[in-house]
Amino acid sequence: MQFTTHVQTLLDSLSVVTRALASRPARPILDGVLIEASGNTVTLTCSDGSMSIEASIESEIKKEGQTVVPGRLINDLIRRLPGGEVTIKLTDSNRLQVMCMSSRSNLTAMNASDYPEIPQLSGNIVEFRAQAGLLKRMIGGVVFSISTDENRQLLTGCLIEATGSEIRVVALDGFRLAYQSAEADTKLPDGTDHFSAVVPGRVMNEISRVLPDDDTECVLSFDRNRVSVRFGETVISSVLLVGEFIDYNRIIPKDFASEALLPRTEFMEAVERASLMAREGRNNLVKLHVDESALTLLSNADMGEIHEEITCGLTGKPIDIAFNAKYLTDAIRNIDEDEFVFCFNTNVSPAIIRPKDGKGYLYLVLPVRTF
């Protein structure tokens with residue numbers, strides 16, 4: 001195997017695919033990157049056994065072939081090359097030579113035939129398309145609500161739903177729920193008007209990190225067991241989580257006793273200042289008092305207290321309620337509008353944060369009981 005390509009092109013692809021490497025691989029071969037040169041394309045693949053990332057780059061290929069080399073090592077090596085073109089060559093002694101200007105390196109290679117085959121989708125495949133930037137923002141708006149409790153495995157994933165014209169992503173961890181929806185071009189099996197699947201949280205995080213923030217077309221495909229996400233020359237695939245996700249519609253309140261219209265930036269800055277003191281306490285708590293004239297935030301600890309006041313418009317009853325400060329900032333930073341609506345019933349029932357127009361995004365958060 002021998003090919004030549006640009007250092008930055010190779011580095012960009014390696015930086016993406018090596019995100020699939022596990023910190024403690026189950027097999028030594030899974031600590032490597034599979035390099036396959038064929039035609040005028042070099043394909044790089046990394047996998048942790050359940051998730052895989054594949055990227056293709058156009059290259060000048062002198063000799064076709066394939067091999068496996070340590071993934072993080074070659075990524076770090078390419079990152080430190082001087083630039084320009086790099087030539088990669090597999091020798092007869094199963095060593096990978098990396099040659100760039102005056103730099104010469106040799107890496108011990110592994111047998112490509114030992115690398116596990118990446119399963120392909122089969123059977124009835126559900127497919128939908130969305131702009132990469134839109135999907136990136138949708139995933140970023142919910143992944144912080146994915147649970148890390150392995151005892152509730154389904155909640156360590158993110159629910160993806162599709163109808164004929166809409167895609168939704170939902171995540172919840174028992175204390176909060178985040179929901180995003182957007183119009184999308186979906187292709188469902190005949191006789192089906194709804195599809196849902198639960199994608200592991202780590203996979204959703206990696207998809208969000210590597211998706212470009214532009215209008216590149218992104219294709220999501222599902223069969224019964226796997227998901228594949230394709231954009232540009234990159235493909236991310238993974239097994240799905242098995243089981244029935246919580247019926248989130250039953251959790252979301254439909255009516256509210258109080259609704260406060262608040263300025264997003266001013267509220268965000270006030271919570272961030274209040275959280276400076278709140279995090280010195282035992283539970284990162286901020287207390288809210290909402291009445292007809294203002295919303296007041298208070299946080300206190302042994303080191304002192306912080307008091308903030310924001311003008312707001314209230315419809316309904318005044319309320320005193322408390323929340324984990326981080327749970328509030330996680331939600332507010334994902335609202336793009338200048339104003340948002342904070343909806344309450346009682347100081348022990350779920351509250352809702354949503355954009356002023358009420359479309360596309362919804363965040364539910366449980367208050368903290370205070371005595």
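Residues numbered from 1 in each chain as written. Predicted model: local features only at pLDDT ≥ 70, side-chain atom pairs only at ≥ 80, totals over all residues. Heavy atoms only, no water.

Points about the confidence of the model for the protein chain
As a general rule, the predicted coordinates of low-pLDDT regions are not to be interpreted in detail. On average, residues of the protein chain score 92 in pLDDT, and 98% of them are at 70 or above. Averaged pLDDT values for the elements of the protein chain fall to 77 in strand β14 (residues 185-187) and rise to 98 in strand β3 (residues 41-47). (pLDDT = per-residue confidence, 0-100. Helix = DSSP H or I, 4+ residues; strand = E, 2+ residues; numbered from the N terminus.)

Things to note about the pairing of strand β4 (residues 51-58)
The buried fraction of β4 is high, at six of eight residues. Pairing geometry for β3 and β4, over seven bridges, is antiparallel. By the bridge assignment, C46 is partnered in β4 with I53. The turn joining β3 and β4, which pair antiparallel and follow one another in sequence, is formed by three residues; a positive phi near 105 degrees is taken by G49. Inspection of the sheet shows β4 paired to strand β18 (residues 234-239) by five bridges, in the antiparallel sense. Following the sheet pairing, E54 is matched in β18 by V235. (Buried < 20%, exposed > 50% of the residue type's maximum accessible area, 1.4 Å probe, protein only. Pairing = 2+ DSSP bridges.)

A word on the layout of surface pockets
For the largest pocket, the calculated volume is near 390 Å³. At the level of secondary structure, the elements contributing two or more residues to the lining of the largest pocket comprise β2 (32-38), β4, β16 (217-222), β17 (226-231) and β18. Counted by class, the lining of the largest pocket contains nine nonpolar, six polar and four charged residues. (1 Å grid on protein atoms, 1.4 Å probe; cavity = no way out; pocket = protein on both sides within 12 Å on 5 of 7 lines; lining within 4 Å. Points joined across faces, edges and corners; volume = space filled by probe spheres on them. Nonpolar A, V, L, I, M, F, W, Y, C, P; charged D, E, K, R; others polar.)

Side note on the pattern of salt bridges
Going through the model one piece at a time under the given rule, you end up with 16 salt bridges. Taking the shortest distance from any N to any O, the salt bridge between K326 and D330 comes out at 2.9 Å. In this pair, K326 and D330 are both assigned in helix α6 (residues 325-332), four residues apart and thus about one turn of the helix distant. When salt bridges with common partners are traced through the structure, they connect D173, R176, K326, D330 and R333 into a single cluster. (Salt bridge = Lys/Arg side-chain N within 4 Å of Asp/Glu carboxyl O.)

A word on the sheet that holds strand β24 (residues 319-324)
Read across the open sheet, the four strands follow the order β22-β21-β20-β24; overall the sheet is antiparallel. Of all strands in the sheet, those bounded by a partner on one side alone are β22 (304-311) and β24. Each adjacent strand pair in this sheet contributes to an overall mean axis angle of 20 degrees, direction not counted. Pairing of strand β21 (residues 294-301) with β22 involves eight bridges; the strand directions are antiparallel. Looking at β22, one finds that T296 is bridged to E309. On top of the sheet, α6 reaches β20 (285-290) and β24; it is set at about 85 degrees to β24, its chief contact. (Axes fitted to C-alpha atoms, helices over the stretch in contact; angles between N-to-C directions. Contact = heavy atoms within 4.5 Å.)

Re the nonpolar core
Counting 101 residues, the largest nonpolar core has I35, F222, F267, L288 and F342 as its most contacted members. Broken down by element, the residue count for this core peaks at six residues, all from helix α1 (residues 7-17). Not counting residues within four places of it along the chain, the set of residues in contact with F267 comprises L262, L288, L295, L297, I310, L328, I332, F340 and F342. Within the second largest apolar cluster, 17 residues are counted, among which are L177, I252, V341 and L364. (Core = buried A, V, L, I, M, F, W, Y, C linked by side-chain atoms within 4.5 Å.)

A few points about the pairing of strand β13 (residues 176-183)
In terms of burial, β13 is a largely internal element, seven of the eight residues being buried. Sheet analysis places strand β12 (residues 166-172) next to β13, joined by seven bridges and oriented antiparallel. Bridging across to β13, V169 finds its partner in Q180. Hairpin geometry of β12 and β13 is characterised by an intervening segment of three residues between the two adjacent antiparallel strands and by a positive phi of about 100 degrees at G174. Pairing of β13 with strand β27 (residues 361-365) involves five bridges; the strand directions are antiparallel. Considered in β27, the bridge of R176 is made with V365.

Examining the environment of G164
Structurally, the position occupied by G164 is in the loop between β11 (157-162) and β12. Taking C-alpha positions, G164 is 7.4 Å from H194, a pair spaced 30 residues apart along the chain. If near-sequence neighbours (up to four positions away) are discounted, G164 is found in contact with A184, T186, L188 and D193.

Brief notes about the packing of α1 against helix α2 (residues 71-79)
Packing of α1 against α2 leaves a shortest axis separation of 9 Å and a crossing angle of 145 degrees. Note on packing geometry: the crossing formed by α1 with α2 is left-handed. In this structure, α1 uses V7, L10, L11, L14 and S15 to contact α2, whose residues at the interface are I74, N75, I78 and R79. Of the residues assigned to the contact of α1 with α2, the class counts are six nonpolar, two polar and one charged. (Left-handed = near helix turned anticlockwise from the far one by under 90°.)

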